[in-house]
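Each chain, letter by letter, is given below.
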Amino acid sequence: EDFKIVREDTLRSPAFTDSSTGGLSTFDCVIANPPFSLKEWGREIWENDPWGRAAFGLPPESYGDYAWVQHMVASMAARAGRMAVVLPQGALFRKGAEGAIRRQLLENDLIETVIGLADNIFYGTGLAPAVVILRRSKPPSRKGKVLIVDASSLVREGRAQNYLDPEHVEQIVAWVQAFKCVE
């Protein structure tokens, strides 16, 4: 009941801003499945981003994945903020600017969990996705740690598309909860 959906070009002109701070609105929970490896995502604006979202580095023009991630990090509440984002697995391994941004996210202890899935589970792309969970402030037992889950074997092959069955989603959630990564 407590949500609002707004259509906007989030990376160029964010819809959720806070007039009292002059910055982005912040949320306890941020969830997104942005377009994979978006080209022409608005890098020219981010070179002098008025919202300060390029705190960990400027993503390359040809891949907007870490623009989305940094926008979401900037939108997480200071203490309770957490987020989940679906990225192509390639975003976990590309070097250059993206590698530098990942390093900053790790050094700032924001990455909580990475869940790798098998390819061909989304319409429109055969790329293998990963769900990346970040938390602004990890519990003491999780500080300096990242849970890596390879859930690729849990995907069931289909004719035109692969599937993640509900019982396997529950299994992944149980693994993540066991490590206190989500509430």
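Scroll up to find the structure this text is about.
Residues numbered from 1 in each chain as written. Predicted model: local features only at pLDDT ≥ 70, side-chain atom pairs only at ≥ 80, totals over all residues. Heavy atoms only, no water.

## Description of the overall build of the protein chain
A count of helices and strands for the protein chain gives four helices and nine strands. Mapped from its N terminus to its C terminus, the protein chain presents α and β elements in the order β-β-β-α-α-β-α-β-β-β-β-β-α. Against the 2.2 N^0.38 benchmark of 16 Å for 183 residues, the protein chain shows a C-alpha radius of gyration of 17 Å, consistent with a compact globule. Viewed in the frame of its principal axes, the protein chain has a C-alpha envelope of about 45 × 40 × 40 Å. In the protein chain, buried positions account for 39% of the 183 residues. (Helix = DSSP H or I, 4+ residues; strand = E, 2+ residues; numbered from the N terminus. Rg over C-alpha atoms; globule rule 2.2 N^0.38 Å. Buried < 20%, exposed > 50% of the residue type's maximum accessible area, 1.4 Å probe, protein only.)

## A word on the environment of Gly42
For Gly42, the position within the fold is in the loop between strand E3 (29-32) and helix H1 (43-46). For the pair Gly42 and Gly57, spaced 15 residues apart in the sequence, the C-alpha separation amounts to 14 Å.

## Notes on the sheet that holds strand E4 (residues 82-88)
Read from one edge to the other, the open sheet built from five strands follows the order E3-E4-E6-E5-E7, with strand pairing classed as mixed. Edge strands, defined here as strands with exactly one partner in the open sheet, are E3 and strand E7 (147-150). Sheet twist, expressed as the mean angle between neighbouring strand axes with direction ignored, is 15°. One ladder, built from seven bridges, connects E4 with strand E6 (residues 129-135); its direction is antiparallel. Counterpart to Arg82 in the pairing with E6 is Arg135. Packed onto the sheet, helix H2 (residues 65-74) meets E3, E4 and E6 and runs at close to 175° relative to E4. (Pairing = 2+ DSSP bridges. Axes fitted to C-alpha atoms, helices over the stretch in contact; angles between N-to-C directions. Contact = heavy atoms within 4.5 Å.)

## Focus on a nonpolar patch on the surface
Side chains of Val6, Phe16 and Phe27 sit close together on the surface and give an oily, nonpolar patch of about 220 Å² of accessible area. Within the secondary structure layout, Val6 lies in the segment before strand E1 (17-18). In this structure Val6 comes out as partly exposed when scored by relative accessible area, which is 36%. (Patch = residues over 30% accessible without salt bridge, like charges linked within 9 Å, V, L, I, M, F, W, Y side chains within 5 Å. Areas by Shrake-Rupley, 256 points an atom, 1.4 Å probe, with all protein chains shown as cover. Salt bridge = Lys/Arg side-chain N within 4 Å of Asp/Glu carboxyl O.)

## Regarding unusual backbone geometry
For Glu40, which is not glycine, the phi dihedral falls at a positive 50°. Structurally, Glu40 can be placed in the loop between E3 and H1. Its relative accessible area of 64% is what places Glu40 among the exposed residues.

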